[in-house]
Amino acid sequence: MKEFLKRKGVHVSVKAYLIDALGYMALGLFSSLIIGLIMKTIGQQLHLPFFIDMGTLAMGLMGPAIGVAIAYGLGAPPLVIFAGAITGAAGAELGGPAGSYAAALISCEIGKLISKETKIDIIITPFITILAGYSVAWLIGPFIADFMTMFGSWISWATLQRPIIMGMLVALLMGLALTAPISSAAIAFMLGLSGIAAGAATIGCSAQMIGFAVSSYRENKMGGLLAQGLGTSMLQVPNIVRHPLILVPPTVAGVILAPFGTTLFPMENNPAGAGMGTSGLVGQIMTFTTMGFSMEVLIKVLLLHIIGPAVISLILSEYMRKRGWIKFGQMKIETGGK
């Protein structure tokens, strides 16, 4: 069996499934949902319908992009890669990004096992791959939905606490949701987050993105700064699996700053911006939409969404580097080049 799996390129390991596959999932997500969101935001702000349509299309193809990215990353043969577009779409439809990851991963490995084992490979391989992926999506979709509901209930409970505690808890939970392979935006819409609770969520999400972008600058330079600061901190998920301590600086930054946004410098937002952080600057644009554009609001946004997270995360990460808790290279983003 080991020889068969090796011949088929199936490597059952934590590295393959929780590092490599998640890394390529993040690239697929960035190449569809995130870049599409940036395009759409540009179109909306500059009144360019072409960009709005282009961005909307890209966002809608998140599932196929994740499916193909994971299959490519795991070294699948062509028919399995192409069928991965379907399995990723099925997973996204029934379970969001996490469902897309699970459906694409399992269907890819099954597709690799069956590939080129029959004389009608062109029919059997995509058939089995799609069947496996859709079955996984159909089976786990309800469980992912239940988890999202449960996670949402934690945030709902957090919004009922006193302002300082509420800010800390909402920023913590929503920030972690943004970086994890679940949808913080979906949670924000599901709960209808608004007002200062949405403002705290935006601070927590922004802290994750800006925090990782700044903390990892020495490894990823300007490209990584922009990819994480304007794209998604999910690019760090494979590194977080290997080195969980790198999650500390941006998370602490969000927890520290959110109470300021719920007390001394009240920040508000709407469901559309609450779970987006600085991705495409949607969180900031929705903040201005909700609170109105003024110099006071602009200063609050700069301090609580960008400057504050950058400074706190950099100080913490540098301290942790000096203590040896974070080492050079642990936040390096792999772009998937072969």
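Residues numbered from 1 in each chain as written. Predicted model: local features only at pLDDT ≥ 70, side-chain atom pairs only at ≥ 80, totals over all residues. Heavy atoms only, no water.

**Some thoughts on the overall build of the protein chain**
Here comes step 1: Tallying secondary structure elements over the protein chain gives 15 helices and zero strands in all.
Here comes step 2: With the principal axes as the frame, the protein chain shows a C-alpha extent of 70 × 45 × 40 Å.
Here comes step 3: Residues counted as buried form 52% of the 338 residues belonging to the protein chain.
Here comes step 4: Working note: accessible area of the protein chain is about 15300 Å², and carbon and sulfur atoms make up 74% of it.
Here comes step 5: Distance from the positive charge centre (20 side chains) to the negative charge centre (13 side chains) of the protein chain: 10 Å. (Helix = DSSP H or I, 4+ residues; strand = E, 2+ residues; numbered from the N terminus. Buried < 20%, exposed > 50% of the residue type's maximum accessible area, 1.4 Å probe, protein only. Areas by Shrake-Rupley, 256 points an atom, 1.4 Å probe, with all protein chains shown as cover. Lys, Arg positive; Asp, Glu negative; His and termini not counted. Charge placed at Lys NZ, Arg CZ, Asp CG, Glu CD.)

**Considerations on the packing of aromatic side chains**
Here comes step 1: Under the definition given, this model contains five aromatic pairs.
Here comes step 2: An angle of 20 degrees between the planes, with centres 6.5 Å apart, marks the rings of Phe260 and Phe265 as stacked.
Here comes step 3: Residue Phe265 is classed as partly exposed on the basis of its relative accessible area of 40%.
Here comes step 4: Between Tyr319 and Trp325, the aromatic rings sit 5.8 Å apart at their centres with planes inclined by 80 degrees, giving edge-to-face as the arrangement. (Phe/Tyr/Trp six-rings, centres within 6.5 Å; stacked < 30°, edge-to-face > 60°.)

**Points about the pattern of salt bridges**
Here comes step 1: Overall, the coordinates contain six salt bridges when judged by the stated rule.
Here comes step 2: The shortest N-O distance in the salt bridge between Lys112 and Glu109 comes to 2.9 Å. With Lys112 and Glu109 both in helix 5 (residues 78–114) and three residues apart, the pair spans about one turn of that helix. Neither residue differs from the other here; Lys112 and Glu109 are each classed as buried.
Here comes step 3: In this structure, the salt-bridge partner of Arg321 is Glu219, at a minimum N-O distance of 2.9 Å. Separated by 102 residues along the polypeptide, Arg321 in helix 15 (residues 295–322) and Glu219 in helix 10 (residues 217–231) bring together distant segments of the chain.
Here comes step 4: Among the residues examined, Arg321 registers a relative accessible area of 12% and is labelled buried.
Here comes step 5: Members of the salt-bridge network, linked through shared partners, are Arg218, Glu219, Glu318 and Arg321. (Salt bridge = Lys/Arg side-chain N within 4 Å of Asp/Glu carboxyl O.)

**Comments concerning the side chain of Arg321**
Here comes step 1: Of note is the side chain of Arg321, whose polar atom sits 3.0 Å from the backbone oxygen of Ser215.
Here comes step 2: Not counting residues up to four positions away in its chain, the partners in contact with Arg321 are Ser215, Ser216, Arg218, Glu219, Ile326, Lys327, Phe328 and Met331. (Polar contact = N/O pair within 3.5 Å; in protein donor to acceptor, adjacent residues only side chain to side chain. Contact = heavy atoms within 4.5 Å.)

**So, helix 14 (residues 282–291)**
Here comes step 1: When you tally the buried positions in helix 14, you get seven out of ten residues, the bulk of the element.
Here comes step 2: Residues of helix 14 that are buried: Val282, Gly283, Gln284, Ile285, Met286, Thr287 and Phe288.
Here comes step 3: Tucked inside the fold, the buried residues of helix 14 contact helix 2 (14–46), helix 9 (195–215), helix 13 (271–274) and helix 15.
Here comes step 4: Looking one or two places after helix 14, you find Gly292, whose phi comes out positive at around 90 degrees.

**Digging into the packing of helix 9 against helix 12 (residues 248–262)**
Here comes step 1: For the pair helix 9 and helix 12, the least separation of the axes is 8 Å and the interaxial angle reads 150 degrees. Considering how the two elements wind past one another, helix 9 and helix 12 form a crossing that is right-handed. In this structure, helix 9 uses Ile196, Ala200, Ile203, Gly204, Ala207, Gln208, Gly211, Phe212 and Ser215 to contact helix 12, whose residues at the interface are Pro249, Pro250, Thr251, Ala253, Gly254, Leu257, Ala258, Gly261 and Thr262.
Here comes step 2: Looking at the contact of helix 9 with helix 12 residue by residue, the class counts come to ten nonpolar, eight polar and no charged. (Axes fitted to C-alpha atoms, helices over the stretch in contact; angles between N-to-C directions. Left-handed = near helix turned anticlockwise from the far one by under 90°. Nonpolar A, V, L, I, M, F, W, Y, C, P; charged D, E, K, R; others polar.)

**Comments concerning the packing of helix 6 (residues 121–159) against helix 7 (residues 163–179)**
Here comes step 1: One way to put it is that helix 6 packs onto helix 7 with a least axis distance of 8 Å and a crossing angle of 160 degrees. In this view, helix 6 runs roughly antiparallel relative to helix 7, as classed from their interaxial angle. When the axes of helix 6 and helix 7 are compared, the crossing they make is left-handed. In this structure, helix 6 contributes Phe151, Trp154, Ile155, Trp157, Ala158 and Thr159 to the contact, and helix 7 contributes Met166, Leu169, Val170, Leu173, Met174 and Ala177.
Here comes step 2: Of the residues in the contact of helix 6 with helix 7, the class split is eleven nonpolar, one polar and no charged. (Parallel < 35°, antiparallel > 145°, perpendicular 65-115°, else oblique.)

**Topic: the confidence of the model for the protein chain**
Here comes step 1: Averaged over all residues, the pLDDT of the protein chain is 89; the fraction at 70 or higher stands at 98%.
Here comes step 2: Of all the helices and strands in the protein chain, helix 8 (residues 184–191) carries the lowest mean pLDDT, 73, while helix 15 carries the highest, 97. (pLDDT = per-residue confidence, 0-100.)

**Considering a nonpolar patch on the surface**
Here comes step 1: On the surface, a cluster of nonpolar side chains totalling about 640 Å² of accessible area is made up of Met295, Ile299, Leu302, Leu303, Ile307, Val311 and Ile315.
Here comes step 2: In this fold, Ile299 is placed in helix 15. (Patch = residues over 30% accessible without salt bridge, like charges linked within 9 Å, V, L, I, M, F, W, Y side chains within 5 Å.)

**Some words on the environment of Arg242**
Here comes step 1: Locating Arg242 in the fold gives a position in helix 11 (residues 237–242).
Here comes step 2: Here Arg242 falls in the partly exposed class, since its relative accessible area comes to 39%.
Here comes step 3: Along the primary structure Arg242 and Lys15 are separated by 227 residues, whereas in three dimensions their C-alpha atoms are 8.8 Å apart.
Here comes step 4: At 2.8 Å, the side chain of Arg242 forms a polar contact with the side chain of Asn239.

**Description of the nonpolar core**
Here comes step 1: Counting residues in each nonpolar core, the largest one holds 35 residues, and the members touching the most others are Ile155, Val170, Met174, Ile187 and Leu193.
Here comes step 2: Contributions of two or more residues to this core are made by helix 6, helix 7, helix 8, helix 9, helix 12 and helix 15.
Here comes step 3: The residues touching Ile187, leaving out its near neighbours within four places in the chain, are Met148, Phe151, Gly152, Ile155, Met174, Ala177 and Ile182.
Here comes step 4: Ranked by size, the runner-up nonpolar core spans 31 residues in total, among them Ala21, Leu29, Ile70 and Cys108. (Core = buried A, V, L, I, M, F, W, Y, C linked by side-chain atoms within 4.5 Å.)

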